[in-house]
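# Structural overview
The chain contents come next:
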Amino acid sequence: MTRFYLILAQILVILWLFFGMIENMSNTTQELLFAIRFTLFPICFIGGVWLLFALFYAELMTKKNKMLGAAILLPLAVTYAPALTKEYFNLIVVHKVIENPAITHWGRFFQINYSITYIYIIISIIIIMIKSFQDYRKLHGKIILIIMAIVITATVNIVTSQKLIEDPGFDITPVSFAIFFLLVTISIFKFNLIDITQYAAVDVFQNTEEAIIILNTENEMIEFNKKAEEEFKLFPLRKGYHIRHLIEEFKMKCPDQSIIDEIIMQFNQKTRLYHTRFYLSEVNGEPRLYDFYLKSVYDSMNQVMGSLVSIKDITMESKLLIESERSRISGDIHDNLSNMINVVSINLEYALKHYDDKEEAEGCIRTAYQTANGIRINLRRILEELKPMDIEEVGMITALESLFHKVDKAEMKIEFTHHGIDEKAISAAKHGYVIYKTCMEAVNNSYFCGKAARIEVVLSYKDNSIRLFISDDGIGCNSIHKGRGLTAMEERIQALGGNIYFDSTLEEGFHIAVELPFNQEEML
């Protein structure tokens, strides 16, 4: 709309000049009075159009005050209307003849229109100047052009209205306006007078793949994007409706209604940030899984302006993830448990056949026992991945102690120490889960790959960083090849902005060092 009204203002200037030329070519008074009706059209409306441009440019026109545009143009239209009639034309032009076309006795309606037009133009100039000076440091070239445009136009109008120069034989006012618009247009295309940020933001808002709903402080829906309209077209999605109406409809289709009750409670408590997931039994003909975010929106003074609701359909992502997990767990069971069970079976079978050879039988039974113990650890790891421990609920330190206690047996001892860690803060963040998964994978590797008898785990917090050190006394290696386990560790740590280092030497164990940025005070 900013560009539209700028172009419209330029078109009016061109019409002003064009009809002015026709007016000057008139041969009779009748032709002159007929031509002036057309010339008056751009003259009478240019001030209103320019004010609308200024309002859109300064981002002062919104949907809430959309009637302002009609209010601005209405008095101009009323004062121009007599120009379209014969009997009331004298309200616009009282006297004008071909013998002396430079002299015009204007009627009351034109004088009113003239006054309103200049009031509009002065207001427009003030609005544009205020908006332009807000970013004067980076766009002072633009401001120079705008000042030049204003000075030229104002000077020409003052000089002509006060008759300070000799009449050139034609109206130079439209020429000054043309120069004005030309300089402003240069400032637009050369110095980016129109800020496209708001338009880009609206484009992103409308075309994002998430359903987004904007709420006011009373939790009433004031705006939503295309995706929200498409996704929830069968639900009460209406501007001015309370969000409760939409959530209550969700409740009727959600198998776990306690989640919807929790969402409603978060709205009532005006929670700053909330995230959950919920199923709806039927949306557009099939069950859907949604990711739900509620976030408060603040102004520059840190005052709450309203809320932003984001609802993303993750049904397909969930299905793909489940399929991937099934494939991974199936491979885990096949590659690890099946082979280990075969080892147990073969060794026990050999022990039975060679029972008389006590030493041979004892060795086979010991191998079978150790392998069975490995099966137990591996099975616990797989089950833990299927249903991970709720770190936030039980606490990360408690979860780690539970993990180490289950593994700590005669075959492998685990020594765990920690200091400086605020369990509540770290457990509430993703960092707690990542550390837990890193320790679980490290213990698994130490037992199966490293044949370790002892593992030392040290966890500490210092200088806004979590530091984790894991060291075993296993067989080690001279060359580290990152398999699935080590790669997964590395990806999780790096995703949180941390670093992980692996070190090993043959017969001197395997060592892992992690440094993870984390501010406990901010979390608290």
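Look up a bit, the structure's there.
Presented here is a report on the structure given in the accompanying data block.

Reading the values: rules and limits
Here the residue numbers are simple positions, counted from 1 along each chain's written sequence. Confidence filtering applies because this is a predicted model: local features only for residues at pLDDT of at least 70, side-chain atom pairs given and counted only at 80 or more, and all residues used for totals across whole chains, interfaces and linings. Heavy atoms throughout the structure, all of them, feed into the side-chain values; hydrogens and water do not. Helix and strand definitions follow DSSP, with helices as H or I runs of at least four residues and strands as E runs of at least two, each counted in order from the N terminus. Exposure is judged per residue with a 1.4 Å probe applied to protein chains only, and the accessible area is read against the type maximum: over 50% gives exposed, under 20% gives buried, and values in between give partly exposed. We call two residues in contact whenever any of their non-hydrogen atoms come within 4.5 Å of each other. For the area figures, the Shrake-Rupley method with a 1.4 Å probe applies, and any residue is considered shielded solely by the protein chains shown. All axes are obtained by fitting lines to C-alpha atoms, using only the stretch in contact for helices, and the reported angles, taken between N-to-C directions, cover 0 to 180 degrees. Here is the rule for angles: anything less than 35 degrees is roughly parallel, anything more than 145 is roughly antiparallel, 65 through 115 is roughly perpendicular, and the remaining ranges are oblique. Handedness of a helix crossing follows the sense of rotation of the near helix relative to the far helix, less than a right angle counterclockwise being left-handed and clockwise being right-handed. Asp, Glu, Lys and Arg are counted as charged, while Ala, Val, Leu, Ile, Met, Phe, Trp, Tyr, Cys and Pro are counted as nonpolar; the rest, among them Gly, fall into the polar class. Note: two strands are recorded as paired if DSSP finds a minimum of 2 bridges between them. Whenever Lys or Arg places a side-chain nitrogen within 4 Å of a carboxyl oxygen from Asp or Glu, that contact is recorded as a salt bridge. Here the expected length of a helix is defined as 1.5 Å per residue gap, with one fewer gap than residues. What makes a nonpolar core is a set of buried Ala, Val, Leu, Ile, Met, Phe, Trp, Tyr and Cys residues whose side-chain atoms join them at distances within 4.5 Å. Lys and Arg are tallied as positive, Asp and Glu as negative. Neither His nor the chain termini are counted.

## Some remarks on the overall build of the chain
Along the chain, the regular secondary structure elements total 18 helices and twelve strands. Within the chain, the fraction of its 524 residues that count as buried is 42%. The contacts of the chain with a sequence gap of at least 6 include a subset with a gap of at least 24, amounting to 60%. If you sum the accessible surface of the chain, you get close to 30,200 Å²; carbon and sulfur atoms cover 59% of it.

## Considering the packing of helix α1 (residues 2-24) against helix α2 (residues 29-57)
Closest axis-to-axis distance for the α1/α2 pair is 8 Å, and the angle between their directions is 160°. As judged from the angle between their axes, α1 and α2 are roughly antiparallel. Seen along the crossing, α1 lies across α2 with a hand that is left-handed. Residue composition of the contact of α1 with α2, grouped by class: 25 nonpolar, three polar and one charged.

## Points about unusual backbone geometry
The phi torsion at K270 lies on the positive side, around 55°, for a residue other than glycine. Within the secondary structure, K270 sits in the loop between α10 (257-268) and β5 (273-283).

## Notes on the pairing of strand β3 (residues 211-215)
With four of five residues buried, β3 is to be regarded as a mostly interior element. Pairing between β3 and strand β7 (residues 304-313): five bridges, direction antiparallel. Bridge pairing in β7 links I213 to V309. Strand direction decides the pairing type here: β3 and strand β4 (residues 221-224), joined by three bridges, are antiparallel. By the bridge assignment, I213 is partnered in β4 with F224. Here β3 hands over to β4 after five residues, with N219 in that stretch at a positive phi of 60°.

## Describing the environment of N519
Mapped onto the secondary structure, N519 falls in the loop between β12 (510-517) and α18 (520-523). Considering only alpha carbons, one finds N519 and K462, 57 residues apart in sequence, at a separation of 9.7 Å. Sequence-distant contacts of N519, defined by excluding residues within four places in its chain, comprise Y461 and N464.

## Quick notes on the pattern of salt bridges
Overall, the coordinates contain eight salt bridges when judged by the stated rule. Where R467 meets E515, a salt bridge forms, and the shortest distance between an N and an O atom there is 3.9 Å. Of the two residues, R467 is situated in strand β10 (residues 465-472) and E515 in strand β12; the sequence distance between them amounts to 48 residues.

## Focus: α1
Taking 1.5 Å as the rise per residue, α1 with 23 residues should run 33 Å; its terminal C-alpha atoms sit 33 Å apart, in good agreement. By the burial criterion, the buried members of α1 are T2, Y5, L6, A9, L12, V13, W16, F19, G20 and E23.

## Quick notes on the nonpolar core
Counting residues in each nonpolar core, the largest one holds 41 residues, and the members touching the most others are M396, L400, F404, I435, V457, L459 and I512. Sorting elements by how many residues they give to this core places helix α16 (residues 430-448) first, with nine residues. Those residues in contact with M396, other than ones at most four positions away along the chain, are I391, I421, E423, I426, S427, G432, I435 and L459. Grouped together as the second largest cluster of nonpolar side chains are 35 residues, A9, W16, V49 and A58 included.

## Remarks on the side chain of K96
Tracing the sequence through the fold places K96 in the loop between β1 (93-95) and β2 (105-106). E23 is the oppositely charged side chain nearest to the buried, salt-bridge-free K96, at an N-O distance of 4.1 Å. If we ignore the near neighbours within four places in the chain, the residues touching K96 are E23, T29, L32, L33, I36, P101, I103 and T104.

## Here's the deal with the sheet that holds strand β11 (residues 499-504)
Across the sheet, five strands lie side by side as β8-β9-β10-β12-β11; this open sheet has mixed pairing. Whereas interior strands pair on both sides, the edge strands pair on one side only; in this sheet they are β8 (413-419) and β11. Within this sheet the neighbouring strands show an average axis-to-axis angle of 10°, counted without direction. Across seven bridges, the pairing between β10 and β12 is antiparallel. Bridge pairing in β12 links R467 to E515. Contacts between helix α14 (residues 396-407) and the sheet are confined to β8 and β9 (454-462), with β8 contributing the most and set at about 165° to the helix. Each of β11 and β12 touches helix α17 (residues 484-495); the most contacted strand, β11, lies at about 150° to it.

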